[in-house]
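Architecture and fold: a report
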Amino acid sequence: SVPVFGGGDEQLVAEDSRSPAALPDGSLLVTRLNAERKHRLFHFWPDTGRWQELPIDPAGAAHVVADGREAAIAGTFVSDGQSDGVHLYVLELGSGRTRRLPTGFEDDSSISNGVTVTRDGQSVLAVGRAGNLYRIVAIPRNGGTAPRTVLSLTMAVNYLDVGPDGRIYADQWINPLSLWRFSPDGGHAEEV
(Lines give C-alpha, C1' and ligand atoms only; values in the text may rest on other atoms or scores of the structure.)
Protein backbone atom coordinates (compact mmCIF):
# COMPACT_ATOMS: atom_id res chain seq x y z
CA SER A 1 0.00 0.00 0.00
CA VAL A 2 1.32 3.43 -0.95
CA PRO A 3 -0.31 6.71 0.21
CA VAL A 4 -1.83 8.58 -2.74
CA PHE A 5 -1.46 12.08 -1.31
CA GLY A 6 1.36 13.55 0.77
CA GLY A 7 3.87 10.79 0.11
CA GLY A 8 4.95 8.37 2.78
CA ASP A 9 6.41 4.92 2.95
CA GLU A 10 4.94 1.86 1.32
CA GLN A 11 3.48 -0.75 3.65
CA LEU A 12 3.26 -4.49 3.08
CA VAL A 13 -0.39 -5.57 3.05
CA ALA A 14 -0.13 -9.22 1.93
CA GLU A 15 2.68 -11.48 0.77
CA ASP A 16 2.62 -13.93 -2.13
CA SER A 17 -0.50 -12.33 -3.64
CA ARG A 18 -1.23 -10.61 -6.93
CA SER A 19 -3.96 -8.77 -8.85
CA PRO A 20 -5.54 -6.97 -5.87
CA ALA A 21 -9.02 -5.50 -6.22
CA ALA A 22 -10.13 -3.20 -3.39
CA LEU A 23 -13.62 -3.42 -1.90
CA PRO A 24 -15.42 -0.47 -0.24
CA ASP A 25 -14.96 -2.01 3.25
CA GLY A 26 -11.14 -2.05 2.88
CA SER A 27 -10.92 -5.77 2.16
CA LEU A 28 -9.28 -7.10 -1.00
CA LEU A 29 -9.77 -9.79 -3.62
CA VAL A 30 -6.39 -11.29 -4.54
CA THR A 31 -4.97 -14.28 -6.37
CA ARG A 32 -2.59 -16.57 -4.47
CA LEU A 33 -1.71 -20.23 -4.02
CA ASN A 34 -3.90 -22.27 -1.67
CA ALA A 35 -2.71 -25.08 0.63
CA GLU A 36 -2.67 -27.51 -2.34
CA ARG A 37 -0.48 -25.05 -4.31
CA LYS A 38 -3.31 -24.22 -6.75
CA HIS A 39 -4.11 -20.64 -7.80
CA ARG A 40 -7.35 -19.44 -6.27
CA LEU A 41 -9.17 -16.19 -5.69
CA PHE A 42 -9.13 -15.13 -2.03
CA HIS A 43 -11.06 -12.53 -0.07
CA PHE A 44 -8.60 -10.90 2.37
CA TRP A 45 -9.30 -8.56 5.29
CA PRO A 46 -6.02 -6.69 6.05
CA ASP A 47 -7.28 -5.34 9.40
CA THR A 48 -7.80 -8.86 10.83
CA GLY A 49 -5.53 -10.97 8.59
CA ARG A 50 -8.47 -13.23 7.70
CA TRP A 51 -8.34 -15.12 4.38
CA GLN A 52 -11.34 -16.74 2.67
CA GLU A 53 -10.66 -19.02 -0.30
CA LEU A 54 -13.20 -18.70 -3.11
CA PRO A 55 -13.95 -21.45 -5.68
CA ILE A 56 -12.39 -19.67 -8.65
CA ASP A 57 -9.05 -20.28 -10.38
CA PRO A 58 -8.64 -16.77 -11.84
CA ALA A 59 -7.53 -16.18 -15.41
CA GLY A 60 -7.07 -12.47 -14.61
CA ALA A 61 -7.92 -9.80 -12.05
CA ALA A 62 -11.35 -9.48 -10.42
CA HIS A 63 -13.34 -6.29 -10.99
CA VAL A 64 -15.55 -5.17 -8.14
CA VAL A 65 -19.02 -3.73 -8.73
CA ALA A 66 -19.26 -0.23 -7.18
CA ASP A 67 -21.53 -1.33 -4.30
CA GLY A 68 -18.93 -3.95 -3.27
CA ARG A 69 -21.40 -6.84 -3.16
CA GLU A 70 -20.25 -8.59 -6.32
CA ALA A 71 -17.21 -8.94 -8.54
CA ALA A 72 -16.81 -10.02 -12.16
CA ILE A 73 -13.96 -12.34 -13.09
CA ALA A 74 -12.84 -14.65 -15.86
CA GLY A 75 -11.63 -17.97 -14.54
CA THR A 76 -12.39 -21.59 -13.84
CA PHE A 77 -15.05 -22.48 -11.29
CA VAL A 78 -13.69 -25.30 -9.12
CA SER A 79 -15.95 -27.51 -7.01
CA ASP A 80 -15.07 -30.88 -5.42
CA GLY A 81 -11.90 -31.03 -7.53
CA GLN A 82 -13.87 -30.63 -10.76
CA SER A 83 -13.55 -27.65 -13.09
CA ASP A 84 -15.48 -26.53 -16.15
CA GLY A 85 -12.90 -24.48 -18.09
CA VAL A 86 -12.52 -20.70 -18.27
CA HIS A 87 -15.74 -18.69 -18.31
CA LEU A 88 -16.99 -15.30 -17.15
CA TYR A 89 -18.53 -15.25 -13.67
CA VAL A 90 -20.17 -12.86 -11.26
CA LEU A 91 -19.20 -13.72 -7.71
CA GLU A 92 -21.52 -12.76 -4.82
CA LEU A 93 -19.04 -11.78 -2.11
CA GLY A 94 -21.37 -12.27 0.87
CA SER A 95 -22.39 -15.82 0.02
CA GLY A 96 -19.49 -16.92 -2.19
CA ARG A 97 -21.98 -18.08 -4.85
CA THR A 98 -21.07 -17.70 -8.50
CA ARG A 99 -23.17 -17.39 -11.60
CA ARG A 100 -21.87 -17.80 -15.12
CA LEU A 101 -22.53 -15.03 -17.62
CA PRO A 102 -23.08 -15.92 -21.28
CA THR A 103 -20.48 -14.04 -23.34
CA GLY A 104 -21.48 -15.11 -26.83
CA PHE A 105 -17.87 -16.13 -27.57
CA GLU A 106 -17.20 -19.56 -28.98
CA ASP A 107 -14.40 -19.99 -26.41
CA ASP A 108 -14.24 -17.92 -23.20
CA SER A 109 -10.59 -18.81 -22.54
CA SER A 110 -9.43 -15.73 -24.49
CA ILE A 111 -11.03 -13.34 -21.95
CA SER A 112 -8.50 -13.29 -19.01
CA ASN A 113 -7.79 -9.64 -18.02
CA GLY A 114 -10.21 -8.20 -20.55
CA VAL A 115 -13.02 -7.80 -17.99
CA THR A 116 -14.46 -4.76 -16.25
CA VAL A 117 -17.78 -3.50 -14.88
CA THR A 118 -19.59 -0.39 -16.15
CA ARG A 119 -19.78 2.52 -13.69
CA ASP A 120 -23.50 2.01 -13.16
CA GLY A 121 -22.87 -1.67 -12.36
CA GLN A 122 -25.50 -2.83 -14.83
CA SER A 123 -23.15 -4.55 -17.30
CA VAL A 124 -19.94 -6.49 -17.40
CA LEU A 125 -17.66 -5.70 -20.32
CA ALA A 126 -15.47 -8.52 -21.62
CA VAL A 127 -13.10 -8.76 -24.54
CA GLY A 128 -12.58 -12.06 -26.30
CA ARG A 129 -11.39 -13.47 -29.57
CA ALA A 130 -13.95 -13.78 -32.36
CA GLY A 131 -12.23 -15.22 -35.44
CA ASN A 132 -9.50 -12.77 -36.47
CA LEU A 133 -10.95 -9.95 -34.36
CA TYR A 134 -11.29 -9.16 -30.68
CA ARG A 135 -14.76 -8.06 -29.62
CA ILE A 136 -15.67 -6.07 -26.54
CA VAL A 137 -19.14 -7.17 -25.46
CA ALA A 138 -21.52 -5.77 -22.85
CA ILE A 139 -23.30 -8.45 -20.83
CA PRO A 140 -26.17 -7.55 -18.48
CA ARG A 141 -24.93 -8.40 -14.95
CA ASN A 142 -28.32 -9.68 -13.80
CA GLY A 143 -29.37 -11.51 -16.96
CA GLY A 144 -32.04 -10.35 -19.32
CA THR A 145 -30.81 -9.54 -22.80
CA ALA A 146 -28.08 -11.23 -24.82
CA PRO A 147 -24.51 -9.86 -24.93
CA ARG A 148 -24.12 -6.84 -27.20
CA THR A 149 -20.95 -6.07 -29.20
CA VAL A 150 -19.63 -2.63 -28.23
CA LEU A 151 -16.38 -2.60 -30.23
CA SER A 152 -14.41 -4.82 -32.59
CA LEU A 153 -10.62 -4.53 -32.57
CA THR A 154 -7.85 -6.06 -34.66
CA MET A 155 -5.28 -6.44 -31.84
CA ALA A 156 -5.40 -8.34 -28.54
CA VAL A 157 -6.39 -6.39 -25.43
CA ASN A 158 -4.42 -6.97 -22.24
CA TYR A 159 -6.50 -4.81 -19.89
CA LEU A 160 -9.90 -3.13 -20.03
CA ASP A 161 -11.48 -0.41 -17.90
CA VAL A 162 -14.27 2.18 -17.98
CA GLY A 163 -13.75 5.84 -17.06
CA PRO A 164 -16.15 7.98 -15.02
CA ASP A 165 -17.61 9.38 -18.27
CA GLY A 166 -18.33 5.88 -19.63
CA ARG A 167 -15.45 5.86 -22.10
CA ILE A 168 -13.75 2.52 -22.56
CA TYR A 169 -9.99 2.22 -22.04
CA ALA A 170 -8.17 -0.72 -23.62
CA ASP A 171 -4.45 -1.37 -23.83
CA GLN A 172 -3.43 -3.26 -26.91
CA TRP A 173 -0.39 -5.38 -27.67
CA ILE A 174 1.09 -2.98 -30.18
CA ASN A 175 4.83 -2.49 -29.94
CA PRO A 176 5.21 -0.44 -27.81
CA LEU A 177 2.16 -1.13 -25.65
CA SER A 178 -0.57 1.44 -26.37
CA LEU A 179 -3.55 2.66 -24.37
CA TRP A 180 -6.67 3.63 -26.35
CA ARG A 181 -9.86 5.42 -25.30
CA PHE A 182 -13.16 4.66 -27.04
CA SER A 183 -16.51 6.35 -26.71
CA PRO A 184 -19.26 3.82 -25.94
CA ASP A 185 -21.36 5.63 -28.58
CA GLY A 186 -18.85 5.04 -31.38
CA GLY A 187 -16.69 7.54 -33.21
CA HIS A 188 -12.92 7.74 -33.37
CA ALA A 189 -10.53 6.07 -30.96
CA GLU A 190 -7.97 8.25 -29.19
CA GLU A 191 -4.52 7.12 -28.16
CA VAL A 192 -3.95 8.19 -24.56
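Before reading further, recall that the structure is shown in the block above.
Here's what I pulled together on the structure shown here.

What the protein chain contains, in helices and strands, is zero helices and 17 strands. Seen through its principal axes, the protein chain has C-alpha atoms that stretch 50 × 45 × 30 Å. Per-residue burial over the protein chain gives 40% buried out of 192 residues. For the protein chain, restricting intrachain contacts to residue pairs at least 6 apart in sequence, the fraction spanning at least 24 positions comes to 26%.

Let us look at the sheet that holds strand β11 (residues 123–130). Paired through their backbone hydrogen bonds, the strands of a sheet run either parallel or antiparallel. Spatially, the four strands line up as an open sheet ordered β10-β11-β12-β13, and their pairing is antiparallel. Of all strands in the sheet, those with a lone pairing partner are β10 (115–117) and β13 (148–153), marking the two edges. If you compare each strand with its neighbour and ignore which way they point, the axes differ by 25° on average. Pairing analysis gives three bridges linking β10 to β11, with the strands arranged antiparallel. When the bridges of β11 are listed, valine 115 appears paired with alanine 126.

Turning our eyes to something else, we now look at the pattern of salt bridges. Enumeration according to the criterion identifies six salt bridges in this entry. Between arginine 141 and glutamate 70 there is a salt bridge, with its nearest N and O atoms 2.6 Å apart. One end of the pair, arginine 141, is in the loop between β12 (133–140) and β13; the other, glutamate 70, is in strand β7 (residues 70–79), and 71 residues separate them in sequence. Where aspartate 165 meets arginine 167, a salt bridge forms, and the shortest distance between an N and an O atom there is 3.2 Å. Residue classification places aspartate 165 among the exposed positions, given a relative accessible area of 52%. Using a relative accessible area of 30% as the deciding quantity, one classes arginine 167 as partly exposed. What emerges from the salt-bridge pattern is a single network uniting Glu70, Glu92, Arg97, Arg99 and Arg141.

Reading guide: rules and limits
Residues numbered from 1 in each chain as written. Predicted model: local features only at pLDDT ≥ 70, side-chain atom pairs only at ≥ 80, totals over all residues. Heavy atoms only, no water. Helix = DSSP H or I, 4+ residues; strand = E, 2+ residues; numbered from the N terminus. Buried < 20%, exposed > 50% of the residue type's maximum accessible area, 1.4 Å probe, protein only. Contact = heavy atoms within 4.5 Å. Pairing = 2+ DSSP bridges. Axes fitted to C-alpha atoms, helices over the stretch in contact; angles between N-to-C directions. Salt bridge = Lys/Arg side-chain N within 4 Å of Asp/Glu carboxyl O.

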